[in-house]
Amino acid sequence: MLCNTMVSIVHTLLFLIGLAIATEEPLNNAEGTNVSGQKFRIMETGIQYPYEEHLNIRPLPHNHLLTSFEFEMNSEPFFPGDSSLDFDTYDHYTVFPKAIEPLLRRTDVKQLHLRFTRGYWDSEEWGRLPHDGFKSGGSGVELWALIEGSSKEDAFKKWKTLANSLSGSFCASINFIDVSKTNYPVLSFNPQDREEQGIPLFNPTNNLYLMHASLANEPICTENLTPLLKLLPSKGKSGISSLLDGHKLFDSTWHNMAIDVKTKCVDNNHYLNNGECFFEMEANVDVVSHIPSVLARNKNPIPKPLGGEDLYCDLSKPYDGYQCFPSPETTEIQFSLSDLFGKNISGSNDLSFTHSRICVSITDNWLATIKMDEGLFGTDDNCFDLTENRNYDIYMESGSTNEVAQIDDVPIYVSRSLTGYGQDHGGLRTVFSNPTSKPVRLSYYESLPWFMRIYLSTLEMEATSEAHKNLTLNDIVESRYYMPSIDRKRSTQLEFIMTIPANCTISLAYEFDKALLHFTEYPPDANHGFEIESLIITILEPVPYQLRTATLLVYLSTPDFSMPYNVIIISSTIMGLIFGTLYNLITKRMVTMEEAENILATRSIKYKLMMLRQRILSKLGL
Amino acid sequence: MSTLSLRKWVCAIFVLTYVVIGLPLWDRLTNIYRAPLPRDYIKSLHENKFYDVHVTIPVYIRSDVYKFPDIHAATQIQVNHLLNSKKQNVQWSLEILLFNETFIELEKAQGREYHIVTLQLDEFVGYNAAYDSKNTVVYFDDPTVARNDLPFFVAQTLVEHTFNVEWGYLSNGDLMHSEHNAVAVNYNPEIHLSINLLKGDGSPVDWEIEETLKTYFTPFRRFLSPLVNFTVDTSVVYFNDLNLHSLNNTDNITWTDVSHSIDLSELSSMNYFSEDSALNLAIVFPSKETNPEGFSFVKVDGEQMWESFIVPQWGVLVINKMPLEANTVVSKDYLDAVLYKFANDLFELLGLSTQFDSLFSPVITIDSFKRIRALQNMNKSVETLWSLIKLTEQFKQMAIPRDVLEKVKEVLDIRLQIVEILNNPAKGDDLSWDEALNLSNKMVQRSEEAFFDGQMLKQNFFPQEHKLAVYMPLMGPITIVLFTGFVSLFKETESGSKEKKESLSEEEKKEVEETKAVGAIEGVDEIN
């Protein structure tokens, strides 16, 4: 028999041979012997990844400033037919986030749109929304996705998985999206465009389902921003994303975070066989800050009254040492981006050939320069490329801040409000105002919770101007789609394609009943009311544009929550009383008045005492 | 019938209705459905998990030069003797059979392979195992035959070497607690593997990972596929050096310091993939900005500028000494070495070998682990079922839906199927073991589904006290009225006879008249 050492040598040898042959690789590649070839080599031409980032800065009237961060990235190509269990299938991730791609592939999502928006965009002052509104959502969280599925139920199941996973990834309550909050838009969200884009179907027998849901007025905060930064390859540590900081970003008038992912295939006709597909993701962060407020807060983190020397009084009104009407806002301003965001931009994006780029849209009375190592540099087109690995800052100043770069006119203003009073019914009124000289064709998408039972028969249209007095609803509405609600299972979905004539203001109004909820359906803060998601208007002609109205707060009658227990107690007491009486009537002995009096007489204390006395006396023989 | 006895009858009927019909009905209507789980059977299984298991592995023995007609019988005796020398925690034995070429060839054509021992005449005594088949070669010389040592030698080779995994788990050690349990991940038929290249800074880097994986890893995945299927992803992560730069200003760094400061939280790919289990390989390069001189604690060994170590139940960490220049391509040559090390460590992470004890032959070991995993899975699911029983016994008001019962029954059925395969000496080929393993995986899955049934938790939020609180306003008054009435009716019989006695004497009547006259009787209402 061989000695132990021999055995272990044989073991080791066998293992090495076994593994080497199992991996079809010659033994000389083993660790330590591998010296052939170069381990690391420098690519002289550089390494490029599909990632880009831009920052656009645009002053708005009344000392507001819009900063728009844009990040674009593509995933590594993949073959839809490959299963990840195949022995030679390997998924690669470089700049595209690993948190998103496996999820999209598992749930067959072809397009994903996620919005976190909060605040009020003053379109009358600030003009059009950034990206023509296609990257903004209604106040709260909004999610819509195009999902491939064999049936509606299958697609909904995937949608639910998607919502739950996103909820975990983004620390938001997206998991509250359920069947009663999910809608299937028909006329809105550009169905024609979808067809033209040729969205790939990985299984030809499947269909695409567009699903939409929103959580109105959901609070957005820094815990939602951090996951978004983690999706970027720079992780918020270099390039323009290093500016994004939760503490400053949410101290703003209006802010919006958007994520859009699309599936693209190299050759749409052949992707099923061996064509490559990839995901394209855009992430946007838009912020509107009121510069004087931010600067004031930087100076005095705890608000306190200004000293006399800092006060600017309105000279047209009486003023003295004790009385001062503050003058309207100053029109002179100097600030740098680090004042607004609390940080400098550290370094650039090195992952692609296009470096991080910052562009400022300003008029001649503004000055924008880039600050590098205490030196200020300007350019003709006010665009700056960050090429080096150092700290940058943007410095801006102006003597007349109200003169800002040309703001595009908004094609339409839409506002929606609640009418009526009381806790059992109410109404909704939407006002469309077309300030342009061209008719505007738009799609109207409204989703209302099931507890608002609308009466479509009460739908009325009213035009304010004399010229359009004779307009009827049918003149305006081209096509309509109405999906009535089912209690607890489906929300009301109302969609119109309509045309608003030039220079015209019309209003649409209808009424609804408020349903009573089940005892357990009320949220913990039942008296807060119920948030109703925004109305979504997509302009089809003359210019593509999308806007959302403010969310609404509907009050429902709130029950006294101790009521069920009170009811139990009262009804039980009544039943107990009835039973007791009945039971006594049946089981107690019936006696005549005379008998009763006799019994009473024998039971009185005096009688008993007398009996006792008699007994004692009789015993004593008296 | 007198009025009193009629009243007693009525009262008794009321009380009887309340006790015999009312209370059971109330209990029945407000009770929670609890399916009858086979508690006793599961308890007996839990106490003696493998009482009906006797793993029988057929081994065919052949001799090329000499013909030994009774070698199989002689070896069988030796094998039995050897196996009986130790207490077995799971019964197992080898069935030594004479080699039948036609049968083996026929089976092989269908993809069924058996354990074969080949006896080969040589200059020395020894043994060897093929890496790609379940074939053990035993070398013997003439004196061995003369001394009749061959059967013992074959038996020893088989038990201690070919089946050393079984010998270790089933005879010598504990099936569930082996010494490499701390490092190995829990067995799962599907494991996700994440290969990450981490870089402390943000300058671009590329790696030839696809080619390396296809040459190295694809055969490896195929090879391990009967036991475990891998899904693999690779990623490049920037601005993450696992917090190793924090060790920059510390002197005399030990591996303990390194393991304390490592932050693996951002590499947990378990969140993104559907597999239940994940292993990682992280190749870390320091940042050129924070560590231009590299990590001082990484020791350079000749050409090799990196060190690797196993993070138990997580994966392998490869820490490079020097940072990468911008626009570097990490070549296949470098990755080959790293992946070779990783593949080695992977055996340990999967629990197939330990650092002290390497593999005898990969094919034979994997075959053995199919049986061990099947037994471990059986053990695990019986434990799960027992936990389910304990849980339901602890929470009396917990609902047990019919689904749970169905799943428990399915688990027990699957268990019997597995036992049938393991015990049957006729089923000793590759495919049978695969089937046993698959069934055992299914068994674990079903038992966990039964344990984690969401319906079971629902009623737990409604404890017994609440039920009582809700029904007390109704039950309380009714019970009090009913029973005080019942008791007073009993008392009435005694007081009734007293009254009869008392009403006898004329004298007393007089007294009553007198008291009445004095006005002693006041309106005290003592009649209820």
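Residues numbered from 1 in each chain as written. Chains lettered and ligands numbered in written order. Predicted model: local features only at pLDDT ≥ 70, side-chain atom pairs only at ≥ 80, totals over all residues. Heavy atoms only, no water.

When you go through chain B residue by residue, the secondary structure sums to 16 helices and twelve strands. Scored against the burial criterion, the 528 residues of chain B give a buried share of 51%. Partitioning the contacts of chain B with sequence separation of at least 6, the portion at a separation of at least 24 is 78%. (Helix = DSSP H or I, 4+ residues; strand = E, 2+ residues; numbered from the N terminus. Buried < 20%, exposed > 50% of the residue type's maximum accessible area, 1.4 Å probe, protein only. Contact = heavy atoms within 4.5 Å.)

This part takes up the pairing of strand 6 (residues 140-149) of chain A. For a regular strand, side chains alternate in direction, first toward one face of the sheet and then toward the other. All names here are of chain A. Burial of strand 6 is extensive: ten of the ten residues sit out of reach of the surface. Pairing analysis gives ten bridges linking strand 6 to strand 7 (residues 207-216), with the strands arranged antiparallel. Bridge pairing in strand 7 places Trp 144 opposite His 212. (Pairing = 2+ DSSP bridges.)

Our focus in this paragraph is the confidence of the model for chain B. All names here are of chain B. Considering every residue of chain B, the mean pLDDT works out to 82; 88% of them sit at 70 or more. Least confident of the elements in chain B is helix 16 (residues 506-518), whose mean pLDDT is 58; most confident is helix 12 (residues 402-423), at 92. With pLDDT under 50 throughout, residues 520-528 is counted as low confidence; its partners more than four residues away or in other chains account for twelve contacts. (pLDDT = per-residue confidence, 0-100.)

Below, the discussion takes up a nonpolar patch on the surface. Residues and elements named next belong to chain B. Side chains of Leu 16, Val 19, Val 20, Ile 21, Leu 23, Leu 25 and Leu 29 sit close together on the surface and give an oily, nonpolar patch of about 660 Å² of accessible area. Tracing the backbone through its elements, the reader meets Val 19 in helix 1 (residues 3-30). The class for Val 19 is partly exposed, based on a relative accessible area of 40%. (Patch = residues over 30% accessible without salt bridge, like charges linked within 9 Å, V, L, I, M, F, W, Y side chains within 5 Å. Areas by Shrake-Rupley, 256 points an atom, 1.4 Å probe, with all protein chains shown as cover. Salt bridge = Lys/Arg side-chain N within 4 Å of Asp/Glu carboxyl O.)

We now examine the domain arrangement of chain A. Here the domain parsing of chain A yields domain 1 (70-286), domain 2 (413-554) and domain 3 (563-620). Using C-alpha coordinates to define each centre, domain 1 of chain A is positioned 79 Å away from domain 3 of chain A. (Domains from an automatic or database assignment.)

On to the sheet that holds strand 23 (residues 504-514) of chain A, then. Residue and element names in this part refer to chain A. Strand order in this open sheet of four strands is 17-18-23-20, and the pairing throughout is antiparallel. At either margin of the open sheet sits one strand with a lone partner, and together these are strand 17 (413-419) and strand 20 (452-463). Shown here is a sheet whose adjacent strand axes are inclined to one another by a mean of 20 degrees, direction ignored. With seven bridges connecting them, strand 17 and strand 18 (residues 425-434) associate as antiparallel partners. The residue of strand 18 that forms the bridge with Ser 415 is Val 431. (Axes fitted to C-alpha atoms, helices over the stretch in contact; angles between N-to-C directions.)

Moving on, we come to helix 11 (residues 362-394) of chain B. A rise of 1.5 Å per residue sets the reference length of helix 11 of chain B, with its 33 residues, at 48 Å; its end C-alpha atoms lie 46 Å apart and thus fit the reference within 8%. For helix 11 of chain B, a buried count of 25 out of 33 residues is recorded, marking the element as mostly surrounded by other parts of the structure. (Expected span 1.5 Å × (residues − 1).)

Spatially, three strands are ordered 1(A)-12(B)-7(B) in an open sheet, and the strand pairing comes out mixed. Of all strands in the sheet, those with a lone pairing partner are strand 1 (40-42) of chain A together with strand 7 (205-207) of chain B, marking the two edges. Here the average twist between neighbouring strands, direction ignored, is 25 degrees. Two strands pair when backbone bridges link them, and strand 7 of chain B and strand 12 (residues 328-330) of chain B are joined in this way by three bridges, in the parallel orientation. The residue bridging B:Val205 from the neighbouring strand is B:Thr328, located in strand 12 of chain B.

A few words on the side chain of A:Ser241. All names here are of chain A. As for its position among the elements, Ser 241 is in the loop between helix 6 (222-231) and helix 7 (246-249). Here Ser 238 takes part through its backbone oxygen, which lies 3.2 Å from a polar atom of the side chain of Ser 241. Setting aside anything within four residues of it in sequence, one finds Ser 241 in contact with Phe 71, Leu 229, Leu 232, Ser 234 and Gly 236. (Polar contact = N/O pair within 3.5 Å; in protein donor to acceptor, adjacent residues only side chain to side chain.)

Let's shift gears to the packing of aromatic side chains. In this description, an aromatic ring pair is defined by two values, namely the gap between the centres and the angle between the planes. All names here are of chain B. Scanning the entire structure with this criterion turns up 33 aromatic pairs over all chains. Centre to centre, the rings of Trp 92 and Phe 163 are 6.5 Å apart; their planes meet at 55 degrees, and the pair counts as tilted. One end of the pair, Trp 92, is in strand 2 (residues 91-98); the other, Phe 163, is in the loop between helix 6 (150-162) and helix 7 (164-172), with 71 residues separating them in the sequence. For Trp 92, a relative accessible area of 1% corresponds to the buried category. With a relative accessible area of 0%, Phe 163 lands in the buried category. (Phe/Tyr/Trp six-rings, centres within 6.5 Å; stacked < 30°, edge-to-face > 60°.)

Here we come to the UniProt feature "transmembrane region" (unreviewed entry) in chain A. The sites that carry the UniProt feature "transmembrane region" (unreviewed entry) are, in the present numbering, residues 565-586 of chain A. Split by type, residues 565-586 of chain A is 100% helix and 0% strand. Its first and last C-alpha atoms lie 31 Å apart. (UniProt positions renumbered as here; feature names shortened; annotations may be inferred.)

Before going further, it helps to spend a moment on the packing of helix 12 (residues 593-603) of chain A against helix 13 (residues 605-620) of chain A. Residue and element names in this part refer to chain A. Across the interface, helix 12 lies against helix 13 with an axial gap of 5 Å and an inter-helix angle of 55 degrees. Classified by the angle between their axes, helix 12 and helix 13 sit oblique to one another. Contacts between helix 12 and helix 13 involve Ala 601, Thr 602 and Arg 603 from the first element and Ile 605, Tyr 607 and Lys 608 from the second. Counted by class, the contact of helix 12 with helix 13 contains three nonpolar, one polar and two charged residues. (Parallel < 35°, antiparallel > 145°, perpendicular 65-115°, else oblique. Nonpolar A, V, L, I, M, F, W, Y, C, P; charged D, E, K, R; others polar.)

A separate point is the UniProt feature "transmembrane region" (unreviewed entry) in chain B. Residues and elements named next belong to chain B. Under the UniProt annotation, "transmembrane region" (unreviewed entry) lies at residues 9-26 and 468-490. The distance separating the terminal C-alpha atoms of residues 9-26 is 24 Å; by composition the span is 100% helix and 0% strand. Measuring from the first to the last C-alpha atom of residues 468-490 gives 30 Å, for a span that is 100% helix and 0% strand.

Residue and element names in this part refer to chain A. What the rule picks out here adds up to four cavities of 30 Å³ or more. Each pocket or cavity is described by its volume, and for the largest cavity that value is around 60 Å³. Surrounding the largest cavity, Lys 248, Leu 249, Asp 251, Val 287, Ser 289, Val 294, Leu 340 and Phe 341 form its lining. Within the residue set of the lining of the largest cavity, elements represented by two or more residues are helix 7, strand 9 (277-290) and helix 9 (337-341). For the lining of the largest cavity, the residue count by class is five nonpolar, one polar and two charged. (1 Å grid on protein atoms, 1.4 Å probe; cavity = no way out; pocket = protein on both sides within 12 Å on 5 of 7 lines; lining within 4 Å. Points joined across faces, edges and corners; volume = space filled by probe spheres on them.)

So, about the confidence of the model for chain A. Averaged over all residues, the pLDDT of chain A is 85; the fraction at 70 or higher stands at 91%. Across residues 1-36 of chain A, confidence stays below pLDDT 50; counting only partners more than four residues off in sequence or on other chains, it has 56 contacts.

Residues and elements named next belong to chain A. Summed over the entire model, instances satisfying the criterion amount to three disulfides over all chains. Across a sulfur-sulfur distance of 2.0 Å, Cys 359 and Cys 383 are joined as a disulfide pair. Every disulfide takes its handedness from the sign of the S-S torsion; for Cys 359 and Cys 383 that torsion is 115 degrees, giving right-handed. With Cys 359 in strand 12 (residues 356-360) and Cys 383 in strand 15 (residues 383-386), the pair connects residues that are 24 residues apart, well separated along the chain. Assessed through its relative accessible area of 15%, Cys 359 is described here as buried. Disulfides within chain A link the bonded cysteines, taken in sequence order, as 1-2, 3-4, 5-6. A disulfide-free cysteine, Cys 221 has its sulfur positioned 11 Å from the sulfur of Cys 171, the nearest such atom. Exposure remark for Cys 221: the relative accessible area of 33% places this residue in the partly exposed category. (Disulfide = S-S within 2.5 Å.)

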